Amino acid sequence: MGGGRMSALSLPIDGAASSEFKSFRARTPLFTVSAGRVLVTLTLPERLNAGDVEFARGLAEQAAAYAVEVERLYRSGRRPSPGSSSGRSSSGKGAAA
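Source: prediction; values computed, not measured. Starting afresh in each chain, residues are numbered from 1 along the sequence in its written order. The predicted nature of this model means local features are confined to residues of pLDDT at least 70 and side-chain atom pairs, given and counted, to a pLDDT of 80 or more, with totals for whole chains, interfaces and linings taken over all residues. Think of the side-chain values as coming from all heavy atoms in the structure, minus any hydrogens and water.

Undergrad: How should the sheet that holds strand S2 (residues 30-35) be read in this particular structure?
TA: Backbone-to-backbone hydrogen bonds pair the strands of a sheet. The strands run either parallel or antiparallel. Pairing is antiparallel in the open sheet, where 3 strands are placed in the order S1-S2-S3. The sheet terminates laterally at strand S1 (18-22) and strand S3 (38-42), the two strands that pair on one side only. Taken pair by pair, the neighbouring strands of this sheet meet at an average axis angle of 15 degrees, ignoring direction. A pair of strands is labelled paired if DSSP reports no fewer than 2 bridges between them. Helix numbering and strand numbering both begin at the N terminus, where a helix is a DSSP run of H or I of at least 4 residues and a strand a DSSP run of E of at least 2. Inspection of the sheet shows S2 paired to S3 by 5 bridges, in the antiparallel sense. Within S3, the residue paired with Phe31 across the bridge is Leu42. Interaxial angles span 0 to 180 degrees and are taken between N-to-C directions of axes, which are lines fitted to C-alpha atoms, for helices over the stretch in contact.

This is the structure in structure tokens:
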């Protein structure tokens with residue numbers, strides 16, 4: 001990642017939140033997360049490169065890990081305290097953090 005300032009967005013998710021993948025015949029795909037009155041759309045340049053593929057794969061891996069952890073917590077009946085971490089962080093280049 002390049003130097004300089006980084007913006008951060010914390011998006012509280014609840015049962016009304018949604019995510020959506022849209023594929024198009026003549027342009028790159030979109031991935032959108034919607035929660036409350038906030039809509040975040042991931043876009044790609046029209047000319048893709050290997051880094052774009054790496055990012056998409058990292059996003060999918062991190063989203064799958066997130067889903068596994070959410071399901072584990074739900075099934076255990078536990079509610080984590082705010083700001084706590086299970087210690088199961090796994091981020092890397094191209095990962096959605």
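Undergrad: Please clarify how the environment of Ala56 should be interpreted in this entry.
TA: Tracing the sequence through the fold places Ala56 in helix H1 (residues 50-76). Relative accessible area serves as the criterion here: at 42%, Ala56 is assigned to the partly exposed category. Distance in space between the C-alpha atoms of Ala56 and Leu44 is 9.8 Å, their sequence separation being 12 residues. Throughout, exposure labels follow a simple rule: accessible area from a 1.4 Å probe, protein chains only, divided by the maximum for the residue type, with under 20% read as buried, over 50% as exposed, and the rest as partly exposed.

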